[in-house]
Amino acid sequence: LKLEKKAPLSERFAALKGSIWGLLLPVIVVGGIYTGAFTPTEAAAVGTVYALFITFVIYRTLSVKDLPGILMETVGTSAMIFAIMIGAMMVAEVEVSRWVFFILINLLLLFLGCILETVSIIFITVPILYPIIKQLGFDPIWFNVVMQINMEMALITPPVGMNLFVLKGVSPESRMEDIIRGVIPYIGVMAVEILFLCFVPELATWLPSVVK
């Protein structure tokens with residue numbers, strides 16, 4: 001593997017200067033929510049307007065002709081979110097073993113992790129799943145640990161796990177088949193970790209309970 005030469009400080013500062021507008025987006029959204037400047041719903045609107053501003057005016061990576069495609073993708077994502085919400089509410093009303101529901105949640109998260117970025121999945125699903133998890137009697141801290149392991153597993157799950165393409169970008173001479181073969185043991189290890197946490201939940205809850 002050929003290593004790239006270390007970038008000089010001037011080049012690093014130039015890259016930081018070029019990306020500063022994008023880096024401000026999460027600061028504005030999350031900071032605005034936590035400071036009480038606006039509600040989460042208003043934060044979404046502010047974030048959208050700001051993102052459109054920097055892409056149209058600052059970076060100029062989008063044009064008006066790109067808007068129809070963006071809107072169609074937004075409709076698809078919104079429909080997926082509503083489907084998750086409806087499915088979660090329906091399952092919550094059905095008399096079913098909580099472990100069956102737990103398996104269904106993990107399969108859903110695994111699927112979403114293959115096509116979406118982890119932070120987006122957390123923001124989309126946690127507000128929906130948290131009250132259901134509490135209602136079913138699962139420890140939220142334990143479920144959070146399981147969810148994070150699931151997300152990491154999804155990122156390397158073939159054929160569309162995002163980190164597979166990251167690895168391909170880092171090592172372009174490697175074949176995707178070799179990369180997939182290389183990550184399979186790690187997928188197995190993380191699956192065993194989730195299974196082990198189901199039988200010994202104290203592994204996830206012991207340290208937080210001590211801190212409390």
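First things first, this report covers the structure right here in the doc.

## Let's talk about the side chain of N150
Turning to its location among the elements, N150 is positioned in helix α6 (residues 140-155). On the basis of relative accessibility, which here comes to 2%, the residue N150 falls in the buried class.

## What about the environment of E152?
Note that E152 resides in helix α6. In this structure the C-alpha to C-alpha distance between E152 and F13, which are 139 residues apart in sequence, comes to 31 Å.

## Some thoughts on the packing of helix α4 (residues 98-115) against α6
Where α4 meets α6, the axes come as close as 8 Å, and the angle between the chain directions of the two elements is 40°. When the axes of α4 and α6 are compared, the pair comes out oblique. Note that α4 runs across α6; the crossing there is right-handed. Residues W99, F102, I105, N106, L109, L110, G113 and C114 of α4 lie in contact with α6, whose contacting residues are W142, F143, V146, M147, N150, M151, M153, A154 and L155. Class assignment for the residues of the contact of α4 with α6 results in 14 nonpolar, three polar and no charged.

## Quick word on the packing of aromatic side chains
Enumeration according to the criterion identifies seven aromatic pairs in this entry. Where W99 meets W142, the ring centres are 6.1 Å apart and the plane angle is 85°; that geometry is what we call edge-to-face. Here W99 is found in helix α4, whereas its partner W142 is found in helix α6, with 43 residues between them in sequence. Since its relative accessible area comes to 33%, W99 is described here as partly exposed. Residues F102 and F138 carry aromatic rings whose centres are separated by 5.7 Å and whose planes lie at 40° to one another, so their mutual orientation is tilted. Taken together, the residues F102 in helix α4 and F138 in the loop between α5 (118-136) and α6 connect sequence positions 36 residues apart. For F102, a relative accessible area of 4% corresponds to the buried category. Through a chain of ring-to-ring contacts, the aromatic side chains of W99, F102, F138 and W142 assemble into a single cluster.

## What about the pattern of salt bridges?
Close approach of charged atoms lets side chains of opposite charge pair. The tally for this structure, following the rule as stated, stands at two salt bridges. We note a salt bridge from R175 to D178, for which the minimum N-O separation is 3.2 Å. For R175, a relative accessible area of 46% puts it in the partly exposed group.

## Thoughts on the environment of M80
For M80, the location among the structural elements is in helix α3 (residues 67-93). On the basis of relative accessible area, M80 is assigned to the partly exposed category, the value being 22%. Sequence separation between M80 and T118 is 38 residues; the distance between their C-alpha atoms is 16 Å. The residues contacting M80, other than those within four sequence positions of it, are L112 and L116.

What counts, and at which threshold
- Residues numbered from 1 in each chain as written.
- Predicted model: local features only at pLDDT ≥ 70, side-chain atom pairs only at ≥ 80, totals over all residues.
- Heavy atoms only, no water.
- Helix = DSSP H or I, 4+ residues; strand = E, 2+ residues; numbered from the N terminus.
- Buried < 20%, exposed > 50% of the residue type's maximum accessible area, 1.4 Å probe, protein only.
- Axes fitted to C-alpha atoms, helices over the stretch in contact; angles between N-to-C directions.
- Parallel < 35°, antiparallel > 145°, perpendicular 65-115°, else oblique.
- Left-handed = near helix turned anticlockwise from the far one by under 90°.
- Contact = heavy atoms within 4.5 Å.
- Nonpolar A, V, L, I, M, F, W, Y, C, P; charged D, E, K, R; others polar.
- Phe/Tyr/Trp six-rings, centres within 6.5 Å; stacked < 30°, edge-to-face > 60°.
- Salt bridge = Lys/Arg side-chain N within 4 Å of Asp/Glu carboxyl O.

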